[in-house]
Amino acid sequence: MTAAAGVRPGAVREAVWRALGAVRDPELDEPITDLGFVHELSVHATEQGGPDSGVRVRLRLPTYFCAPNFAYLMVADAHDAVQELAGVVEVDVALEDHFAAEEINAGVAADAGFAGSFPGQATAELDELRRTFRQKAHLACLDRVYRHLVEQGWKIDCLAEVRLRDVPESAGRSGLLRRRRDVGLSTDPDALLVVDEQGRPVPSAEVARRLRFAKAVRVSVEGNSAFCRGLLTTRYGAGTGETGPAGEERERP
Amino acid sequence: MYAKDGENYFVVDSHIHFWDGTPANQRNRYGEGFTNCFYDYHKNLSPEEYLWSPEKFAAYTEQDLVRDLFEEGHVDVGIFQPTYLTDFYINGFNTTERNGAVAERHPGRLIANGAFDPRDGEGGLEAFDRQAARWNLKGVKLYTAEWKGESKGYKLTDPWCYRYLERCEQLGIRNIHIHKGPTIYPLNRDAFDVADVDDVATAFPDLNFIIEHVGLPRLEDFCWIATQEPNVYGGLSVAMPFIHTRPRYFAQIIGELLYWLDENRLTFSSDYAIWHPKWLVEKFVDFQIPEDMQAEYGVLTTDVKKKILGLNAARLYDLEVPASVTASMNGGSRVAGAVPA
């Protein structure tokens, strides 16, 4: 089977764009496609797979010194997301203009893992790092949902008892469920809204503190996101990266 | 001193540099990348009328610094925070020696802080003693992401770091400025994590730990630690310039910091020459939390602004504050703790 059979022009490119849209900056908790990190995306024919079966992606970051572990995760996740697409037989994903681009690109292409890409400088893969930032993403989202509830007149003293079923449908609620799944928390309607990292109930006396910290996390993450967007524009100019198909709906961060 | 609406403000810019970022001093592509990165910070957040060319940014002069800080920038005292980066720059980026030479020509106006690197071990301790004596150090700046050969950084909890912090205690160097960066050993950890600050702040209760850039990009972790450790402070460089481009975000940062810490543990800084202190000082004195956010964050009083702009750093560095600054404050000069012993 080839990607070209019965496929309208541009369909593979759109599929790649959607796949890249599922890759998030772990720190900023936003898709790399929204952040402007996709500098180039092109599809081409390969001998083995025929038309539109080869994909080339070039990624870029706001600074030359962005942390190499997060950079690695984005390049590796982008590579994996494209490779999983049916009909794609050749994947070339690389990071540009970064101090560790050479190590990261070679490591991702060879499937060497993070420790294999930085021999002698890393002691483990990045699962723990990813988990830490998924916890932060969950907390930031919890604050968004909480603010929404407060706007609707909820009082903080009953929040320890609130269950997911009590939270009205909203974009924030769907986002929260996804982030709960990411960190292994229950999404059962009977599950409590405010829980600790292990999913245990938070005593009512500590709920306010937990939510206050969630707010600090949200302020931090949203601020970092805006700063990174600004630096990327300063570095490369506005409107220089790849964009998705016109009129495409974007998920709220 | 800055005067506005009948109030006097004593301004201590607690994070400034006198660097050489020129191509001639760049040892490799990392040095080039570092200078460019700093320049993008400058370009991204400065008002247009304060933008420099990349050439001037890499090689401003002592005359520029003196004019920008003291003649135009309202600064009373500036504190140099060295950044060695000798793996990136042939003569270092801005060393204690380079800063100190300027400081000695402007006595009473400039303070040169020192630095140590725990990876220098025993021999480094002796060199640190000499540095402390030569420059009469009251503070040091540590950059935990500093590269040193194969090493891409260190943690404050590394055993040799404890040895150096003990030496700081012995030498009476009480102000430990911490700057986190993008790399650390091991690389799989979050390099910006400030958890090690928690440990050393508990282990060394007589030292003050001033976390530069208020822990950004980990503002929340910084707040969480600082609320529990009374000897942890927040340096506002990098946070300050948002006051121009994103004042509502700046209000949130200040609001969070005042909630988790208090008004006595935040210090103003420009990170000169990344940003010019003139507009930062003027905008901060004029700044107020937007009305629709005041229920959440309260308001910034004149007293709070005075403390952040200079009185808190004056306390850390035993600087004499003119009585005209503290006279109108609630609690007078006691609040500032500004009368030198």
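Residues numbered from 1 in each chain as written. Chains lettered and ligands numbered in written order. Predicted model: local features only at pLDDT ≥ 70, side-chain atom pairs only at ≥ 80, totals over all residues.

1. As for the overall build of chain A
Quick note on the threshold: The numbering of helices and of strands both runs from the N terminus, where a helix is a DSSP run of H or I of at least 4 residues and a strand a run of E of at least 2. Counting other C-beta atoms within 10 Å of its own, a residue is labelled buried from 20 upward, exposed at 12 or fewer, and partly exposed in the gap between, with every C-beta atom placed from the backbone. Here the contact rule is simple: place C-beta atoms from the backbone, and any two residues whose C-beta atoms are within 7 Å are in contact.
From N to C terminus, chain A includes 8 helices and 5 strands. In chain A, the succession of helices and strands from N to C terminus is α-β-β-α-β-β-α-β-α-α-α-α-α. Across the 253 residues that make up chain A, the buried fraction comes to 42%. Within chain A, contacts between residues separated by at least 24 positions form 69% of all contacts whose residues are at least 6 apart in sequence.

2. Regarding the overall build of chain B
Basically, it comes down to this: Every radius of gyration here is taken over C-alpha atoms, with the globule rule written as 2.2 Å times N^0.38, N being the number of residues.
When helices and strands are tallied, chain B shows 15 helices and 10 strands. The globule rule puts the C-alpha radius of gyration for 341 residues at 20 Å, and the 19 Å found for chain B is close to it. Expressed as lengths along the three principal axes of its C-alpha atoms, the size of chain B is roughly 55 × 45 × 40 Å.

3. Points about the sheet that holds strand S7 (residues 175–179) of chain B
Strands in a sheet are paired, the pairing made by backbone hydrogen bonds, and the direction either parallel or antiparallel. Let me state the cut-off plainly: In this analysis, strands are considered paired if DSSP registers two or more bridges between them.
Pairing within the open sheet is parallel, and its 5 strands lie in the order S6-S7-S8-S9-S10 (chain B). The open sheet has two edge strands, strand S6 (139–143) and strand S10 (266–267) of chain B, and neither has a second partner.

4. Some thoughts on the sheet that holds strand S4 (residues 77–80) of chain B
Residues and elements named next belong to chain B. Applied cut-off: To define axes, lines are fitted to C-alpha atoms, for helices over the stretch in contact only, and angles between the resulting N-to-C directions are given on a 0 to 180 degree scale.
Within the open sheet, the 3 strands sit side by side as S3-S4-S5. Their pairing is parallel. Two strands lie at the open edges of the sheet, namely strand S3 (12–16) and strand S5 (110–112), each paired on one side alone. In this sheet, adjacent strand axes meet at a mean angle of 20 degrees when their direction is disregarded. With 3 bridges connecting them, S4 and S5 associate as parallel partners. Residue pairing across strands places Phe 80 opposite Ala 112, the latter belonging to S5.

5. Section: the packing of helix H5 (residues 121–135) of chain B against helix H6 (residues 159–171) of chain B
All names here are of chain B. Rules: Note on terminology: angles under 35 degrees are roughly parallel, angles over 145 are roughly antiparallel, angles of 65 to 115 are roughly perpendicular, and the others are oblique. Take the far helix as your reference; a near helix turned counterclockwise from it by less than a right angle gives a left-handed crossing, and one turned clockwise gives a right-handed crossing. Residues are grouped as follows: nonpolar covers Ala, Val, Leu, Ile, Met, Phe, Trp, Tyr, Cys and Pro; charged covers Asp, Glu, Lys and Arg; every other residue, Gly included, is treated as polar.
H6 packs onto H5 with a crossing angle of 25 degrees between their chain directions and a minimal axis gap of 11 Å. Comparing their axes, H6 and H5 come out roughly parallel. Between H5 and H6 lies a crossing whose hand is right-handed. Here Gly 121, Leu 125, Phe 128 and Ala 132 of H5 come into contact with H6, specifically with Trp 160, Arg 163, Tyr 164, Arg 167 and Leu 171. A per-class count over the contact of H5 with H6 returns 6 nonpolar, 1 polar and 2 charged.

6. Describing the nonpolar core
Residues and elements named next belong to chain A. Threshold: To count as a nonpolar core, a set of buried Ala, Val, Leu, Ile, Met, Phe, Trp, Tyr and Cys residues must be joined through C-beta atoms within 7 Å. Domain segmentation is taken from an automatic or database assignment of domains.
Ala 71, Val 75 and Ala 78 are the most contacted members of the largest nonpolar core, which has 168 residues in total. Sort the elements by how many residues they give to this core and helix H3 (residues 68–83) lands first, with 10 residues. The residues that make up this core include at least three from each of domain 1 (11–125) and domain 2 (128–233). Each residue touching Ala 78, except ones within four places of it in the same chain, is listed here: Leu 20, Val 23, Ile 32, Val 57, Leu 59 and Val 93.

7. Side note on the interface of chain A and chain B
One widely used convention gives an interface's size as the accessible area the parts lose upon coming together. Facing 32 residues of chain A, the contacting portion of chain B comprises 29 residues. Elements with a minimum of two residues in the side of chain A that touches chain B: H3, helix H6 (127–151) and helix H8 (204–236) of chain A. Broken down by element, the side of chain A that touches chain B gets its largest block of residues, 12 residues, from H8(A). Here the residues of the side of chain A that touches chain B sort into 18 nonpolar, 11 polar and 3 charged.

8. Some points on the domain arrangement of chain A
According to the domain assignment, chain A consists of domain 1 (11–125) and domain 2 (128–233). Put simply, the middle of domain 1 of chain A and the middle of domain 2 of chain A, counted by C-alpha atoms, are 29 Å apart.

9. A closer look at the pairing of S6(B)
All names here are of chain B. When you tally the buried positions in S6, you get 5 out of 5 residues, the bulk of the element. Residues of S6 alternate between two faces, with Gly 139, Lys 141 and Tyr 143 on one and Val 140 and Leu 142 on the opposite face, all of them buried. Sheet topology note: the S6/S7 ladder contains 5 bridges and is parallel. The residue bridging Val 140 from the neighbouring strand is Ile 176, located in S7.

10. Structural notes on the UniProt feature "domain: MIP18 family-like" (unreviewed entry) in chain A
Let me state the cut-off plainly: UniProt positions are given in the numbering used here, feature names are shortened, and annotations may be inferred rather than shown by experiment.
Under the present numbering, the feature "domain: MIP18 family-like" (unreviewed entry) in UniProt falls on residues 13–93 of chain A. Here residues 13–93 of chain A runs as 36% helix and 33% strand, with 14 Å between its end C-alpha atoms.

11. Regarding the confidence of the model for chain A
We count it as follows: pLDDT runs from 0 to 100 and stands for how confident the predictor is about each residue.
Considering every residue of chain A, the mean pLDDT works out to 92; 93% of them sit at 70 or more. A low-confidence stretch, residues 249–253 of chain A (pLDDT under 50), is modelled with 5 contacts involving residues beyond four sequence positions or located in other chains.

12. Considering the pairing of S4(B)
Residues and elements named next belong to chain B. Under the convention used in this document: With the strands aimed away from the viewer, a crossover counts as right-handed if its path from the first strand over the helix to the second runs clockwise.
Every second residue of S4 is oriented toward a common face, with Val 77 and Ile 79 on one face and Gly 78 and Phe 80 on the other, all of them buried. Relative to S4, S3 runs parallel, the two sharing 3 bridges. Bridged to Asp 13 within S4 is Gly 78. The parallel pair S4 and S5 is bridged by helix H4 (residues 96–104), and the resulting crossover is right-handed.

13. With respect to the environment of B:Asp117
Residue and element names in this part refer to chain B. Mapped onto the secondary structure, Asp 117 falls in the loop between S5 and H5. Residues Asp 117 and Trp 224, 107 residues apart in the sequence, show an inter-C-alpha distance of 27 Å. Non-local contacts of Asp 117, meaning those with residues more than four positions away in its chain, are made with Gly 124, Glu 146 and Lys 148.

14. Let's talk about the confidence of the model for chain B
Residue and element names in this part refer to chain B. Mean pLDDT over chain B: 95, with 97% of residues reaching 70 or higher. Ignoring residues within four places in sequence, the model shows residues 332–341, a span with pLDDT below 50, making 23 contacts including any to other chains. For this predicted complex, the interface confidence reaches an ipTM of 0.94, while the overall pTM sits at 0.94.

15. What to know about the environment of B:Asn99
Residue and element names in this part refer to chain B. By the element assignment, Asn 99 lies in helix H4. The exposure class assigned to Asn 99 is buried, which follows from the 27 C-beta atoms found within 10 Å. In the structure, Asn 99 is positioned 11 residues away from Leu 110 in sequence and 9.1 Å away in space, judged by C-alpha atoms. Residue contacts for Asn 99: discarding those within four places in its chain leaves Phe 18, Phe 80, Pro 82, Asn 94 and Ala 112.

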